Amino acid sequence: MKNLFANRVLNNDTSDLDEIFKNSANPENISFAGGFPDQHLFPDDDLKQAYRDAIEQDGQGIFQYSSTQGLPALRQKIADHMATHADVQVSAANVLMTQGGQQAIDLVAKLLLNHGDSMVVEGPTYMGALAAFDTYEPTYYEIPVDDNGMNIRQLRKTLKAHPEIKLIYTIPDFHNPTGTTMSAKRRQAMVALANQYDVIILEDSPYRDLRYSGQNIPAIKHYDTEGRVIFISSFSKILSPALRTGWIVASDTIMQELVGLKSAIDVQSPNVTLAAINSYLDSHDIDEHVATISDAYRTKRDAMLTALDNYFPKNVQYTRPNGGFFIWVTLPAGVDAKALLNDVVLPQAHVAYVPAACQFASRAVTNGFRLNFTNSDVATITQGIQRLGQILQPVQVTVPTTALATPF
Ligand SMILES: Cc1ncc(COP(=O)(O)O)c(C=O)c1O
């Protein structure tokens, strides 16, 4: 048979993701690999009741087709939440319900990227976003991330050298995978650069409400003066990922195009789920729920940081996040975290993490890995980090690197 698949499929290498899920699912392993919330923290009974309420109040034809943009009452609640939690004033007309943040990323990529178009990503970044972008075959420019988010000096240089860049993809709050948060100063500077170089910013912020320490920072969208920041978030990390419900906030012009694209893909997100989430939000204070899960996640984060302090060798560095799901570990230069995982860590310590390379568009950085702390209990976290620390003790090959990542 001829090769009938489009090039975008050939670009779509999911083997790293497949491996992560395989390692996570093996009960012999302690997995810090997946980006899963703790399922014991899902409000199961409240969600069941919310589905029942939504279906029983079926005056408005819940089982019928409805608008592509999604239930107006739910979009209004999201607009209100954006005002109180992200300092972003929008109306429900500027909110589009999506099937998770993942579909939101895909929609924005579909809106903006022709084959070969240039875009900026952080190095490292969310590998699911890379998978979505890859299918549109962009040219990537990778900008390193440090404790205050994307390196703005490097961004400025890159935009100046490549005025054809159309899109900046950033995860400013409790970044996946480093856990770091972009400072307010850098957010303002990024918007100013986007205005200067006529670029769209895609602000992906599913962890925003999960803050365990430090002060809230306004969204990048808060500083948007020209309608060029597209904000996306999701109920996956604060309620349940199985709801497959996220949202996009965008200007009128962009929204109109996104609605058209979504309509062509799946007509609408499942109305029963949107109505159930709306019922849940009518009957419960989501802030109280988020405070409860944040307390639990803070304890887990602290347990992992304490274990890292106690058991990791001094030539290994790690971030100290104020929220979210992840800690990023930087190994001494020259260590390949993927080979280490497959050859030593999995077989000897039975611990899984996500090695660096697949989280860089360039695949150029190998000496790091992502740890998830939300999906294990405290005893397991301590045990897993202790085992990992024992493996890493002899891995003292060269001087430690100070940079979190290097651009290519
Ligand atoms: C940064 C980031 N964006 C988007 C997503 C997609 O999440 P979902 O589609 O479940 O909303 C994730 C999930 O891990 C993520 O970490």
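Owing to the predicted nature of the structure, the values given are computational and were not obtained by experimental measurement.

Observations regarding the side chain of N372
For N372, the location among the structural elements is in strand 14 (residues 368-372). A polar contact of 2.9 Å, which involves the side chain of N372, links it to the side chain of T374. A polar contact of 3.1 Å, which involves the side chain of N372, links it to the backbone nitrogen of N375. Those residues in contact with N372, other than ones at most four positions away along the chain, are F32, G34, G35, F36, M304, F325 and F326.

Here we look at the pattern of salt bridges
Side-chain pairs of opposite charge can arise where the charged atoms are in close proximity. In the structure shown here, the tally under the stated rule is 14 salt bridges. Linking R208 and D173 is a salt bridge whose minimum nitrogen-to-oxygen distance equals 3.1 Å. Of this pair, R208 sits in the loop between strand 7 (200-204) and strand 8 (229-234) while D173 sits in the loop between strand 6 (167-170) and helix 8 (184-197), and the two are 35 residues apart along the sequence. Exposure class is identical for R208 and D173. Each is buried. One salt bridge in this structure joins D295 and R298, with 2.9 Å as the shortest N-O distance.

A short note on the pairing of strand 9 (residues 246-249)
Burial along strand 9 is two-sided: the residues G246 and I248 and W247 and V249 are all buried. Where strand 2 (residues 95-98) and strand 9 come together, 4 bridges link them in antiparallel fashion. Residue L96 lies in a different strand from strand 9, and its bridge partner there is I248. Pairing geometry for strand 8 and strand 9, over 4 bridges, is antiparallel. From the neighbouring strand, S234 faces strand 9, where its bridge partner is G246.

With respect to the nonpolar core
Membership of the largest hydrophobic core comes to 67 residues, with the highest contact counts inside it found for F235, F369 and L371. In contact with L371, not counting residues within four places along its chain, are F32, M304, L308, F325, F326, I327, V329, Y353, I385 and L388.

Topic: the sheet that holds strand 4 (residues 139-146)
The strand order across the open sheet built from 8 strands is 2-9-8-7-6-3-4-5, with neighbouring strands paired in mixed fashion. Only two strands of the sheet have a single partner each, and these edge strands are strand 2 and strand 5 (149-150). Both strand 3 (residues 118-123) and strand 4 contribute to a ladder of 6 bridges, which runs parallel. Across the sheet, E122 pairs through a bridge with I143, a residue of strand 4. Of the strands in this sheet, strand 4, strand 5, strand 6, strand 7 and strand 8 touch helix 8, which is tilted by about 150° from strand 7.

Some points on the pairing of strand 7
The buried fraction of strand 7 is high, at 5 of 5 residues. When strand 6 meets strand 7, the two strands line up parallel, connected through 4 bridges. Residue pairing in the sheet places Y169 in a bridge with L202 of strand 7. Summarising the sheet, strand 7 and strand 8 pair through 4 bridges and their orientation is parallel. By the bridge assignment, E203 is partnered in strand 8 with F231.

What counts and what doesn't
- Residues numbered from 1 in each chain as written.
- Predicted model: local features only at pLDDT ≥ 70, side-chain atom pairs only at ≥ 80, totals over all residues.
- Heavy atoms only, no water.
- Helix = DSSP H or I, 4+ residues; strand = E, 2+ residues; numbered from the N terminus.
- Polar contact = N/O pair within 3.5 Å; in protein donor to acceptor, adjacent residues only side chain to side chain.
- Contact = heavy atoms within 4.5 Å.
- Salt bridge = Lys/Arg side-chain N within 4 Å of Asp/Glu carboxyl O.
- Buried < 20%, exposed > 50% of the residue type's maximum accessible area, 1.4 Å probe, protein only.
- Pairing = 2+ DSSP bridges.
- Core = buried A, V, L, I, M, F, W, Y, C linked by side-chain atoms within 4.5 Å.
- Axes fitted to C-alpha atoms, helices over the stretch in contact; angles between N-to-C directions.

By themselves, these are just geometric observations and shouldn't be taken as functional.
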